[in-house]
Amino acid sequence: MSVNNASDTRLNEAKQWLATLPEIKIHTESIRPASSDASFRRYFRVDAADGTGNNTYIVMDAPPPQEDVRPFIHVAELFGKSGASVPHILAQDVERGYLLLSDLGSTTYLNQLNHDTAHKLYLDAIDSLILIQAQSQPGVLPEYDRALLQRELMLFPDWYVGKHLGVTMTEKQTETLNKVFDVLLANNLAQPQVFVHRDYHSRNLMVTAKGNPGILDFQDAVYGPITYDLVSLLRDAYIQWDEEMVLDWTIRYWERARRAGLPVNPDIDAFYRDFEFMGLQRHLKVLGIFARLYHRDGKDAYLKDLPLVMEYTRKAAGRYIQLAPLIRLLDELEEKGPSVGFTF
């Protein structure tokens, strides 16, 4: 991504906008890539024109009509009120899709996580998640309803099976998959509902000196199942931890959530089952999204993450009798022999 490309009209327009801000002085020529994501959004880092060279800001470029900055603004205010660390919005041009944000740094959880740092970082992330969830109320964010959960699940047959594996499922296979979907959806929709970030994982959490973690990429937040963000955090598509560690952190979340008055299932075994069923919904969705990013959008970086997500999928499905048909279906689709799993 070049910042000197004269044909980059969005970037040039952003620089012109920055130069017009009345109260914030910015060295516009210092603009440089900060990150991009799986959408049309881009992020740039710029220096403050204060002579110190120490103060930086983030510019979000969210081009209409593909992107809309208003949900980001709304959720930033909502999550910020909880005490969680989110970027402050310093200036905005809603119509053209530009935001100037405070800079939460460049060190993601993914960059910093190892066996020495993980426990402290994850407990910080769990505490921030509980802060957000404790503020939950209906009617504030879009509902993570059956239709949305179902659309996400359909990314798996449409993009992973159909496009990535190049397989057209038989009528019997489609029926099997739909029955598994129904089991997952029944569980997901029966869970207590809270504010859900939807991408609460190591690439969207920043290591910060105060108020750790800094939380990014929350514009798609919804009101939905209480285990969703926890499973995003602990069954991360980009980094894997031993099952014993995941179970330990899950129990610590459950204990802290109960103390905070959150409506978690009072039975830890039932809560962990909810966690796994929610995780399977997410894993199937992510398999579809990663396949779509490659086949539709030409982004091949996510292909290396598919095996871990499939490992999560198989392990979760293999532990429950109701989900066993999914293992058999995956074996058929991937032409593998039968696999053996534990069932509860």
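Here's a quick rundown of the structure. Please read all numbers here as calculations on a predicted model, not as lab measurements.

Thresholds applied
- Residues numbered from 1 in each chain as written.
- Predicted model: local features only at pLDDT ≥ 70, side-chain atom pairs only at ≥ 80, totals over all residues.
- Heavy atoms only, no water.
- Helix = DSSP H or I, 4+ residues; strand = E, 2+ residues; numbered from the N terminus.
- Expected span 1.5 Å × (residues − 1).
- Buried < 20%, exposed > 50% of the residue type's maximum accessible area, 1.4 Å probe, protein only.
- Contact = heavy atoms within 4.5 Å.
- Phe/Tyr/Trp six-rings, centres within 6.5 Å; stacked < 30°, edge-to-face > 60°.
- Polar contact = N/O pair within 3.5 Å; in protein donor to acceptor, adjacent residues only side chain to side chain.

On to helix H10 (residues 306–317). The terminal C-alpha atoms of H10, which comprises 12 residues, lie 16 Å apart, in line with the 16 Å expected from a rise of 1.5 Å per residue. For H10, the tally of buried residues reaches 9 of 12 residues, placing the bulk of the element in the interior. Buried residues of H10: Leu306, Leu308, Val309, Met310, Tyr312, Thr313, Arg314, Ala316 and Ala317, and no others. Against the buried residues of H10 lie helix H5 (146–164), helix H9 (268–295) and helix H11 (324–334).

Under the criterion given, the structure shown has 14 aromatic pairs. Residues Tyr253 and Phe271 carry aromatic rings whose centres are separated by 5.8 Å and whose planes lie at 20° to one another, so their mutual orientation is stacked. Taken together, the positions of Tyr253 in helix H8 (residues 243–259) and Phe271 in helix H9 put the pair 18 residues apart, joining distant regions of the chain. Given the relative accessible area of 0%, Tyr253 is considered buried. The structure contains a cluster of three or more aromatic residues connected by ring pairs, namely Phe72, Phe79 and Phe218.

Now for unusual backbone geometry. A cis amide bond, omega 0°, links Pro64 with the succeeding residue Pro65. Along the chain, Pro65 falls in the loop between strand S3 (56–61) and helix H2 (70–81). Looking along the chain, the bond that leaves Asn212 and enters Pro213 is cis, with omega of -5°. Structurally, Pro213 is set in the loop between strand S7 (205–206) and strand S8 (214–215). One non-glycine residue, Arg198, lies in the positive phi region at around 90°. The topology assignment puts Arg198 in the loop between strand S6 (193–196) and S7. In this structure, Asp217 takes a positive phi of about 60° despite not being glycine. Its place among the elements puts Asp217 in the loop between S8 and strand S9 (222–225).

Now for the side chain of Asn204. With respect to the secondary-structure elements, Asn204 resides in the loop between S6 and S7. There is a polar contact of 2.9 Å between the side chain of Asn204 and the backbone oxygen of Asp199. Discounting residues that sit within four places of it in the chain, Asn204 has contacts with His197, Asp199, Gly214, Ile215, Leu216 and Asp217.

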